[in-house]
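As a plain string of letters, each chain reads:
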Amino acid sequence: MYHLRLKGDHYEMGVKRGRIFEKGRIFFPLRLDGFQLEYGKQSEKVLRAFFPEVCEEIRGVSDTIGADYLQFASWMLCMGCCMYNLDKNVPFEIRGCTAFAFEQNGTLLYGRNNDLPPYLREGSKSEIYAPNNGNRFQITTSSFINGEEGLNEHGLVVAMTFVMTDPGKIQAGFNSCFLVRYLLEKAGCTEQAVSLLMDLPVASNCNILLADKGGRMAVAECTPGVKNIREAEHFCNGKILCTVNGFTSDAMKTYDDGKGNDYHSAKRYQVVMDSFARGLMEGDSVEAVKRLLQGRYGFMCQYEDEPDFETVWSSIFDLKSLVVYRAEGDPRKKKFVTDRRLCDRKM
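Residues numbered from 1 in each chain as written. Predicted model: local features only at pLDDT ≥ 70, side-chain atom pairs only at ≥ 80, totals over all residues. Heavy atoms only, no water.

> Tell me about helix H8 (residues 285-293), and name the residues and values.
Counting buried positions along H8 gives 7 out of 9 residues, so the element sits mostly inside the fold. Of the residues making up H8, those classed as buried are Ser 285, Val 286, Ala 288, Val 289, Lys 290, Leu 292 and Leu 293. Against the buried residues of H8 lie strand S2 (98-104), strand S3 (107-116), helix H7 (265-277), strand S13 (310-318) and strand S14 (324-327). One side-chain oxygen of the residue at the start of H8 lies 3.1 Å from the amide nitrogen of Val 286, identifying that residue as Asp 284. (Buried < 20%, exposed > 50% of the residue type's maximum accessible area, 1.4 Å probe, protein only. Helix = DSSP H or I, 4+ residues; strand = E, 2+ residues; numbered from the N terminus. Contact = heavy atoms within 4.5 Å. Polar contact = N/O pair within 3.5 Å; in protein donor to acceptor, adjacent residues only side chain to side chain.)

> An account of the pattern of salt bridges is needed here, citing residue identities and associated values.
Tallied over the entire structure, the rule returns 20 salt bridges. A salt bridge links Glu 127 to Arg 17, with the nearest nitrogen and oxygen atoms 2.8 Å apart. Within this pair, whereas Glu 127 is found in strand S4 (residues 125-131), its partner Arg 17 is found in helix H1 (residues 10-23), the two being separated by 110 residues in sequence. Both residues of the pair, Glu 127 and Arg 17, count as buried. With its nearest N and O atoms 2.2 Å apart, the salt bridge here joins Arg 121 to Glu 310. (Salt bridge = Lys/Arg side-chain N within 4 Å of Asp/Glu carboxyl O.)

> I'd like a description of the nonpolar core, backed by residues and values.
Counting 56 residues, the largest nonpolar core has Trp 75 and Ile 208 as the members making the most contacts within it. Residues Val 271, Val 272, Met 273 and Val 286 belong to the second largest nonpolar core, which totals 25 residues. (Core = buried A, V, L, I, M, F, W, Y, C linked by side-chain atoms within 4.5 Å.)

> Residue-level account of the sheet that holds strand S10 (residues 227-231), with values.
Spatially, the 8 strands line up as an open sheet ordered S1-S4-S5-S6-S7-S8-S9-S10, and their pairing is mixed. Two strands in the sheet have a free side with no partner beyond their single neighbour: strand S1 (2-8) and S10. Within this sheet the neighbouring strands show an average axis-to-axis angle of 15°, counted without direction. Two strands pair when backbone bridges link them, and strand S5 (residues 137-141) and strand S6 (residues 149-152) are joined in this way by 4 bridges, in the antiparallel orientation. Each residue of the ladder has a partner; that of Thr 140, found in S6, is Glu 149. Most of the contacts of H1 go to S1, to which it runs at about 150°, and overall it touches S1 and S4. (Pairing = 2+ DSSP bridges. Axes fitted to C-alpha atoms, helices over the stretch in contact; angles between N-to-C directions.)

> Describe the packing of aromatic side chains, naming the residues involved and giving the relevant values.
If you walk through the whole model with that rule in mind, you get 20 aromatic pairs. A ring pair is formed by Tyr 129 and Phe 137, whose centres lie 5.0 Å apart and whose planes are at 10°; its orientation type is stacked. Judged by its relative accessible area of 0%, Phe 137 falls in the buried class. What links up through ring pairs into an aromatic cluster is the set Phe 21, Phe 28, Phe 72, Trp 75 and Phe 144. The ring of Tyr 69 is capped by Arg 59, whose NZ or CZ atom sits 4.1 Å from the centre of that ring. (Phe/Tyr/Trp six-rings, centres within 6.5 Å; stacked < 30°, edge-to-face > 60°. Lys NZ or Arg CZ within 6 Å of the ring centre and 35° of its normal.)

> Before we move on, could you go through the side chain of Gln 294 and cite the residues and values that matter?
With respect to the helices, strands and loops of the structure, Gln 294 is situated in the loop between H8 and S13. We classify Gln 294 as buried; its relative accessible area is 17%. Gln 294 has contacts with Cys 301, Pro 331, Arg 332 and Phe 336, leaving out every residue within four places of it along the chain.

> Outline H7, supporting the account with residue identities and numerical values.
Taking 1.5 Å as the rise per residue, H7 with 13 residues should run 18 Å; its terminal C-alpha atoms sit 18 Å apart, in good agreement. Of the surrounding elements, those touching the buried residues of H7 are S2, S3, S10, strand S11 (233-235), strand S12 (238-243) and H8. Backbone geometry just downstream of H7 places Gly 279 in the positive-phi region, at approximately 75°. (Expected span 1.5 Å × (residues − 1).)

Right under this line is the structure:
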């Protein structure tokens, strides 16, 4: 996993990343069919209307590596949304992921297993951003510029989980990973993040988990036409909110096009919720979350029967201290390492 620090002007941050790609001789398979290219072009207009700074960051990369900006931006906006021609494009549209946040006895933690094809493990990144006129934040990603999860300087967590969408239902808008980036950079608390999210056009189905250091948390179950806010559930010593790769609310299940092909989502969700109900998370909360993510309380990362699929990283965020604990690979095999970069004001 790469650990990069970026600060300042968005275009210049893109140039810095582009130079890293050039030095590493990293190339991108920008093969898009007609639908994907048209979707990408229309989505770039939406992205530019709401988040022009990030478009300039993308342009900084494309200018530096000599790629066509609009095609490059379109490719990025297809990620996690409509990369359905799997033999020609990466990343593949198969992804698991379990994300949860909880408050217990004054502790506020977030945990996640990020489940993907293993070839994405080595290129994954944990990056610190300090953009001009935006929040300072840490983002973890199997891509770049956008991401699957993050924590900002205000103690706000934003995380996505993938939900399958029929290609015919996809609309121009933000994909889930750009939603994560936008809210980390722009919002200071869960309430503000929900308000901003409600105004954003969403391209395809996804869940967006939000939690802040004040204990406010929610999951936004999103489709291109409907957004539903799901609240935390209470247990004896606190509250818990979990999201996987489907919609949990009864009213939203009809929009889920996964048809059960979701890498044991229901099982993973139930293991998380049961762990709190059974009191397994008492004591040292960080150690308890590690055990949960390692699958010691039930199925979480045990993908031995799934070809070319595994947990490529696991994360724990302390919302109050801004300390991050991360296992860079299967958490049963890799140790959780403490990361204090977000606490450190130096860049």
